[in-house]
Amino acid sequence: MAETRTPVEVVARAARATDLADLDAGVADCFACPRLVDWREEVARTKRAAFRDQEYWGRPVPGLGDPAARIAILGLAPAAHGGNRTGRIFTGDRSGDVLFAALHRAGLANQPTSVAADDGLALRETRIFAAVRCAPPDNKPTPGERDTCAPWLHREVELIRPTLRVVVALGAFAWAAWWPALRAGYGVPPPSPRPSFGHGAHWSGTAGPELLGCYHVSQQNTFTGRLTPEMLDDVFARAKLLAGVD
Ligand code: SF4
């Protein structure tokens, strides 16, 4: 499979992805953002001391979960020593610990932990993906990197559109990334003015899935108590209700 090396090639490769497996393969072979490619590879080379014996993935991280999902969880980007290490989104880091524990409590994951790509995790009615597919320095992609990566997200939304009913945006970055995805996937222009992000924010339009806002499951939020397990439970209970998931 040819590597994707420019923003124009990302557009073309994402557009011709025939299914999620094909899309995932295209994502994993993407080299279109020079700064992020350098960073993901440097992190994979230098490693964190606790993981020095492990082989890091060091590539873009595809989406995860049910191809017929009714609920999608949209994050910011993979973590340098989480998804960028294990090759699976929200896997092997503290954010994932919090997220998958909540998904398990909600009956949307078969186990409460996500530690490695081969750990047996399975999601029910749920797909998880990120607005940017490579780990960025300081968890901050540039606007240009966000826009370059957007076609992967937009095509993924198109591919799960037949079943998708609710999107949970983790944080303001993901919330903002949803509007172009809505336009690309459903032909719906973003509302003007755009609704503000907030925990518990809810938006629904004439077409497309309902949108729920949730504080990001970052350590910054969970360690400080800004986001508690109860708050996450409330969001996923609401998502299930809106999506018609038992
Ligand atoms: S961030 Fe997205 S577009 Fe940029 S290199 Fe990674 S996968 Fe490709």
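Structure's up top.
Worth saying up front: this structure is predicted, and the values here are computed from it rather than measured.

Asker: Could you clarify how one ought to interpret the overall build of the protein chain in this entry?
Answerer: Broken down by element type, the protein chain carries nine helices and six strands. On C-alpha atoms alone, the protein chain measures out to a radius of gyration of 17 Å, which is about the 18 Å that the 2.2 N^0.38 rule sets for 246 residues. Its C-alpha atoms give the protein chain principal-axis dimensions of roughly 45 × 40 × 30 Å. Here the protein chain, with 246 residues, has 54% of them falling under the buried criterion. If you take every contact in the protein chain between residues at least 6 apart in sequence, the share linking residues at least 24 apart comes to 70%. Total accessible area on the protein chain is roughly 10,800 Å²; 53% of this is exposed by carbon and sulfur atoms. Of the charged side chains in the protein chain, 28 are positive and 27 negative, and the gap between their average positions amounts to 3 Å.

Asker: Sorry if this is basic, but what is going on with unusual backbone geometry here?
Answerer: Trans is the common state for peptide bonds, and a negative phi is the common state for residues other than glycine. Geometrically, the link from serine 192 to proline 193 is a cis peptide bond, its omega value of -5° lying close to zero. Secondary-structure assignment places proline 193 in the loop between α7 (172–186) and β5 (202–203). The residue phenylalanine 90 is not glycine, and still its phi comes out positive at about 55°. With relative accessibility at 7%, the residue phenylalanine 90 sits in the buried group.

Asker: I would appreciate a short explanation of the pairing of strand β6 (residues 210–214) in the present structure.
Answerer: Consecutive side chains along a regular strand alternate between the two faces of the sheet. Extensive coverage of β6 is indicated by the burial of four of its five residues. When β5 meets β6, the two strands line up antiparallel, connected through two bridges. Paired with histidine 202 across the bridge in β6 is leucine 212.

Asker: So what exactly am I meant to see when it comes to the nonpolar core here?
Answerer: One broad rule of soluble globular proteins: the nonpolar side chains tend to lie buried together. In terms of nonpolar packing, the biggest core is built from 32 residues, with Leu74, Trp152, Trp178 and Leu211 touching the most fellow members. For this core, the elements supplying multiple residues, two or more each, are α1 (7–15), α2 (20–28), β2 (71–75), α6 (143–160), β4 (166–170) and α7. The dominant element in this core, judged by the number of residues it contributes, is α7, at seven residues. Ile71, Ala102, Leu108 and Val235 belong to the second largest nonpolar core, which has 31 residues in total.

Asker: Is there a simple way to explain the site of the ligand in this structure?
Answerer: Taken together, the neighbourhood of the ligand is formed by Cys30, Ala32, Cys33, Leu36, Arg40, Pro60, Val132, Arg133, Cys134, Thr148, Cys149 and Trp152. Elements supplying a minimum of two residues to the shell around the ligand: α3 (34–46) and α6. In terms of residue class, the shell around the ligand is built from nine nonpolar, one polar and two charged.

Criteria and thresholds
- Note that residues are indexed from 1 along each chain, following the sequence as it is written.
- Where totals are concerned, whole chains, interfaces and linings use all residues; where local detail is concerned, this predicted model gives features only for residues with pLDDT of at least 70, and gives and counts side-chain atom pairs only at 80 or more.
- Excluded from the side-chain calculation are hydrogens and water; included are all heavy atoms of the structure.
- Counting from the N terminus, the helices are DSSP H or I runs at least four residues long and the strands are E runs at least two residues long.
- This radius of gyration counts C-alpha atoms alone. The globule rule is 2.2 Å times how many residues there are, raised to the power 0.38.
- Relative accessibility thresholds used throughout: buried, under 20% of the residue-type maximum; exposed, over 50%; partly exposed, between the two (1.4 Å probe, protein chains only).
- We call two residues contacting when some pair of their heavy atoms lies within 4.5 Å.
- Per-residue accessibility takes into account occlusion by the displayed protein chains alone, with areas from the Shrake-Rupley method and a 1.4 Å probe.
- The positive count covers Lys and Arg only, the negative count covers Asp and Glu only, and His and the chain ends enter neither.
- In plain terms, the charge of a residue is placed at NZ if it is Lys, CZ if Arg, CG if Asp and CD if Glu.
- We treat two strands as partners when DSSP finds at least two bridges between them.
- Residue types Ala, Val, Leu, Ile, Met, Phe, Trp, Tyr and Cys, when buried and joined through side-chain atoms within 4.5 Å, form a set referred to as a nonpolar core.
- Neighbouring residues are identified by heavy atoms, a residue being near a molecule or strand if any of them is within 4 Å of it.
- Residues were grouped as follows: Ala, Val, Leu, Ile, Met, Phe, Trp, Tyr, Cys and Pro as nonpolar; Asp, Glu, Lys and Arg as charged; and all remaining residues, including Gly, as polar.

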